[in-house]
Each structure stands twice: as C-alpha cells, then as structure tokens.
Amino acid sequence: MERAAGCPAVGGSYPQKNAEILSSQYGINLFLAGLLLTFAWAVHAVGISKSHLLSYLITLMLIQLLWMLWYLCRSCTQRRLIRDKDTHAGARWLKCGITLFAVITLILDSFKIGYYIDFSNCLSPTEGIFPVTHAVHTILQVYFLWCHAKDVIQSFKTLERFGVIHSVFTNLLLWTNGVLTESKHQLNEHKERLITLGFGNITIVLDDHAPQCNCTTTTLCSIFSQGIYYLYPFNIEYHILASTMLYVLWKNIGRKVEHHQQNKTPFKFHGITVGMIFGLIVLTSTIAIVVVYLIQIGGSKIKSELALTMFYLHAIFVLALMCTAGIVALLIYRLEDRSLDNSKNPARKLDAELLVGTAAGSWLLSWGSILAIICAQGHPKYTWYNLPYSVLVIIEKYIQNLFIIESIHREQEKVNDDIKTLRIVTVSRGSTLSLTPLYKEIYNGRAACDSSDVPCLFKGSICGRENDGVGVAKEETSQDNSLVMHSASDFSFYSRNSVANNKRRILKNIAAFLFLCNLSLWIPPAFGCRPEYDNGLEEIVFGFEPWIIVVNLAMPFSIFYRMHSAASLFEVNCKT
C-alpha cells in the first residue's frame, strides 16, 4: 500500500485513478448483487428466502466493522500527526441529525430482537442475528462519522478507497432493504383500503411474509410488529445520510485541500421569529392532517373521499406559500451583486446533485397523476384537487432547488474584524484628548478619519501629528468641517447597511420557513399518508401493478428529497 508524503511524482495520479475506478466498480457490483437478492425475496423467487438476504447483509456489515476498527486503531496510533480536514464535510448539525436517527434505529433493532424472541419457534436464526449485528454496526458507524467524517485520507489510499466504498454501498443496501420492507407493509394496507373507495375491479392479493406460527406473548407481538413500521422512516433516513457522508469521505481520498480557515456559521434563533412561527403553524397543522387522514382513510367511501380532499387542500395551500417564499428569495438574490464560490467542494456538489436527482421521483409521480386526470373517463370530485396539487409539486421543487443551490454557492459576506476597538488620542500641550468614533462605525467594522488633520489609529498603525499653538485653531476648524462631511457619509453608509441587513433577515426567515415546511411535507409519506396509493384514479388508467411499481420506485426518492432539502435549508439559514 502506498503512503502519500509530499508531492506525488509525475504520473502518480494514474494508479490512484485506477484505484478509484476499480473501487467504484466493486461497490456497484456489490450493490447490484444485493439488489437482485432483495428483489428475488420480494417476489418469492424459488429457492430464495429472507435468511439468504439477511446473511448477505450481515456479511457486508461485518466486513465494514472490521475495516472501521482497523481505521480507528490506525488513527489512534497516528493521532499526533497533523491530518488534512475538509471543513465543509460532516457539519455538526448533520452529525447531530444522524445521531438522532441512529438512536431511533437502535430502538427499532431492539423491537426486532423482541419480535424474534416471540416468534423464535418458526423464524430463522439470521432474523435474530441481523438486528444485533445492525445495532453494533450503527453504534460504531456513528462514532466513526463523528470522529472522521472530515478526514482527507492521504495514506493507504487504495485500501481505504475499497473500505469506504464498501461502507457506502452497504448502507445503500440496508436503505433498500428498509424501503422495501416498509413499502410492502404500506402496499398491504393500501390494497385493503381500495375496496372502501369502490375499486372492486382491482384484484386484491396480499403479499404476506408473516411468520407461520403463533406468538408466545400476543400483546408484545402486536406492539413490536406495529411499532417496527412506525420506526422504519427514521432507519431509512439514517442509512441514506450515512451513505452520503461516507461518499464525501471517499471523494476526498487523496485530495489536495486548500488550507484556509472557514468561518463558523452557528445557528441562531435571533431574527427568524416570523419564519419560525409560520413554519410551526404549518408543521402543527400537517401533523393534525396526517392523524385525521390515517383515522378516516379506509373507514368508508365518504370518509376516505373527505380525507383525500382535506389532504389535497392543505397541501395546495402549503405548496403555494412555499412557491411564494422561494420567488421572493430569488428576487432578493437578483437585486444583490455577490459573486459565487466556484471552488472544488465534493460535499456541496453532492448536495446539488441529490436535490435535482431525488426531485425526479416527485416529478415522475406528479406527471403520472396529471396524465391520469387528463385521460380518465370518470372523475370523482376529490380527484380534481390532485391536478393543482401535482402542478404545484413540480413548480415548488423547481423554485426551491434553484434557491438552495444558489444559496450554497454564494460567497459569505466578509465582516471586517480588523478594527475591534478604536481610540483616537491626540497630545496637545501636555493634555490628552480622547475621541471615540461613533458606534455605527465600530459595529460595521468601519472606523477611519475623513480628514487628514485628525490623528487616527488604523489597523495597528498610528498616524499622529504634533500640534503647536497655531495649529490648534486650524484643527478645531477642520474638525468642524469633517464632522459635517462625516455625518453625511456615515448616514449614507448606514442606510446601505440597513437595507442589506433587512434583506438578510428576510432570507433567514424564508430559509427557516421552508426548513419547517419541508419537515412537514416529509411526515405524510413517511408515516403512511400517501394519496398516490389511495387516490385510485392512477391505478385505473395505468393498471394496478404498473402504477404500484412506479410509486414504490419513486416514493423513497420523494421522501428523501424532503429531508435532504430540510438539511440543506438549515445550512442556508446558518450561512445567510
């Protein structure tokens, strides 16, 4: 294995490029093999059981555990060495978010262990080994990401490329497994609801993977089986976040980092009260809508139609507000003249690509609904609300993606911190005269004398002048003139600064509002409120199985888009 020391030799990048290509191909084949195994289990392929899929996933997790332990041990032995860091990767708020999801994932693993104990008579041992291995994998991986997400690896680069890419695709396969399991559960519930909406011409065949034996403790089994599916959305987000952080680590291997200090951008609640209030109103109302939807849907045809109508009206109102907020933010950007940061940044590039790529899932579902409304022969009343809803979903993502991508590429305003304190001291005839500049000057980092007759202290250099008896009168006259000029220029500068602060405050409120709105729109599909399933019109136009395949493929990307957008908007709020 090679060790990077100093500048690489001519042609040294060639084997590293090969290592990058080989490791990426290894990861893709690893993922495709697991994906095919997952698909075979889902369709009940002959000779393929769930134990085969879980055995494959356990093996991948154990290999990743060995690699992470080796990396951590090697890092401990070399802890005194100065390592390159990517200051843009692994932000603290991102680490806190993945830790929260990891804690809920550990609760999910404990539920799975309890479920296995209650059905141990007829379940494969792999179903008990899997959650234990997954829990250990989760704990060590979160610790690894907290400590080493910012690393720019410069030694053992070929080995590390394979180790990191193995970790990336292991998490993607665990994400795929979680998505499939949760989707099958949602699909079974959806098939039962279709009868209440009057779509009796659709064949209802439940896809059941339930154990073929009785539970030892009925009450606990019910709690475990129901609780597992409410925790899956957090497990899904955990693995996709982990895979993105590990991918950035993989892209940073062997990278030359520009050594410059990055300005810290802490999150502050000050100045975003309006955005937070409106966002919390949307969040609270969305939770209420989801609760009512899940209670009403499937109860009867009238209740189901009312639930769908209520969902569409609420979503249309929220999306319209989000479009308006995004347009206002973009108009403010057009009025500003600030350059874009085009420096190489793998984390920022990945954020932009994920925003556009995952938005395609929602766009696919929206265009499918629009086409179904246009082509359908019969239209129940509630289906017409689906048309403006689908159109607004497309437009809102257009606007929001443009706002976020431009925000993360804009250079931060640099505040002049050279002058923290300014004190003007003149010595005249043995007396000391202290002149303190206006507060506005110090606050805005601007304290300079407009008149050359007034001594000043600027950036550590002292400009002084000895005054004699004759010069005192001249100094007083020039001081009076400079105060008038100073007041006029200071007023002009203060006005410009006030306008800039107002724009910044509006942008921060918009980012805070959109952040909470995206969290709100993540909740319904993540917890089973999916009108794409329950509408019924798309199944008639496209056919039940084709449309369900489209929804099952697109929905995970749509759900991830909302959480990723929320994370990106949080970063925008901190940077603004």
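Our structure is the block above this text.
Residues numbered from 1 in each chain as written. Predicted model: local features only at pLDDT ≥ 70, side-chain atom pairs only at ≥ 80, totals over all residues. Heavy atoms only, no water.

### Focus: the pattern of salt bridges
Applying the stated criterion across every chain yields a total of 5 salt bridges. Two residues, Arg530 and Glu182, come together in a salt bridge whose shortest N-O distance is 3.1 Å. Here Glu182 lies in helix 5 (residues 157-196) and Arg530 lies in the loop between helix 12 (471-526) and helix 13 (531-534), a separation of 348 residues in the sequence. The class for Glu182 is buried, based on a relative accessible area of 3%. Ionic pairing is found between Arg334 and Glu406, a salt bridge with its closest N-O pair at 2.5 Å. In this pair, Arg334 is assigned in helix 8 (residues 301-335) and Glu406 in helix 10 (residues 386-409), connecting sequence segments 72 residues apart. Exposure remark for Glu406: the relative accessible area of 14% places this residue in the buried category. (Salt bridge = Lys/Arg side-chain N within 4 Å of Asp/Glu carboxyl O. Helix = DSSP H or I, 4+ residues; strand = E, 2+ residues; numbered from the N terminus. Buried < 20%, exposed > 50% of the residue type's maximum accessible area, 1.4 Å probe, protein only.)

### Topic: a nonpolar patch on the surface
Together, Val274, Ile277, Phe278 and Ile281 give the surface a local cluster of nonpolar side chains, amounting to about 390 Å² of exposed area. Positionally, Phe278 belongs in helix 7 (residues 273-296). (Patch = residues over 30% accessible without salt bridge, like charges linked within 9 Å, V, L, I, M, F, W, Y side chains within 5 Å. Areas by Shrake-Rupley, 256 points an atom, 1.4 Å probe, with all protein chains shown as cover.)

### Section: the packing of helix 3 (residues 92-118) against helix 6 (residues 218-251)
Helix 6 packs onto helix 3 with a crossing angle of 145 degrees between their chain directions and a minimal axis gap of 7 Å. In the crossing of helix 3 with helix 6, the sense of the turn from one axis to the other is left-handed. Here the residues of the contact of helix 3 with helix 6 sort into 21 nonpolar, 5 polar and 4 charged. (Axes fitted to C-alpha atoms, helices over the stretch in contact; angles between N-to-C directions. Left-handed = near helix turned anticlockwise from the far one by under 90°. Nonpolar A, V, L, I, M, F, W, Y, C, P; charged D, E, K, R; others polar.)

### Remarks on the side chain of Lys95
Summarising the element assignment, Lys95 is placed in helix 3. Buried within the structure, Lys95 lacks any salt-bridge partner; Asp151 is the closest side chain of opposite charge, at an N-O distance of 8.4 Å. Within polar-contact distance, the side chain of Lys95 engages the backbone oxygen of Trp146 at 3.0 Å. (Lys, Arg positive; Asp, Glu negative; His and termini not counted. Polar contact = N/O pair within 3.5 Å; in protein donor to acceptor, adjacent residues only side chain to side chain.)

### Looking at the packing of aromatic side chains
The final tally for this structure, using the stated rule, is 23 aromatic pairs. On the numbers, 5.9 Å between centres and 70 degrees between planes, the contact of Phe311 with Tyr312 is edge-to-face. Summarising the burial analysis for this pair, Phe311 and Tyr312 share the class buried. Ring geometry for Phe311 against Tyr389: centres 5.9 Å apart, planes inclined by 65 degrees, an arrangement best described as edge-to-face. Residue Phe311 is located in helix 8, and its partner Tyr389 is located in helix 10; the two are separated by 78 residues in the primary sequence. A connected cluster of aromatic rings, assembled from ring pairs, spans Phe101, Phe234, Trp522 and Phe527. (Phe/Tyr/Trp six-rings, centres within 6.5 Å; stacked < 30°, edge-to-face > 60°.)

### Focus on helix 6
The terminal C-alpha atoms of helix 6, which comprises 34 residues, lie 49 Å apart, in line with the 50 Å expected from a rise of 1.5 Å per residue. Leu231 marks where helix 6 bends most, by close to 40 degrees; the proline Pro233 follows one to four residues later. (Expected span 1.5 Å × (residues − 1). Bend = angle between axes of the 7 residues up to and from the residue.)

### Quick notes on the nonpolar core
By size, the foremost hydrophobic cluster in this structure holds 123 residues, and its most contacted members are Phe144, Phe311, Met322, Tyr389, Phe403, Leu514 and Trp522. Ignoring sequence-local partners within four residues, the contact set of Leu514 consists of Met322, Ala325, Gln400, Phe403 and Leu569. (Core = buried A, V, L, I, M, F, W, Y, C linked by side-chain atoms within 4.5 Å. Contact = heavy atoms within 4.5 Å.)

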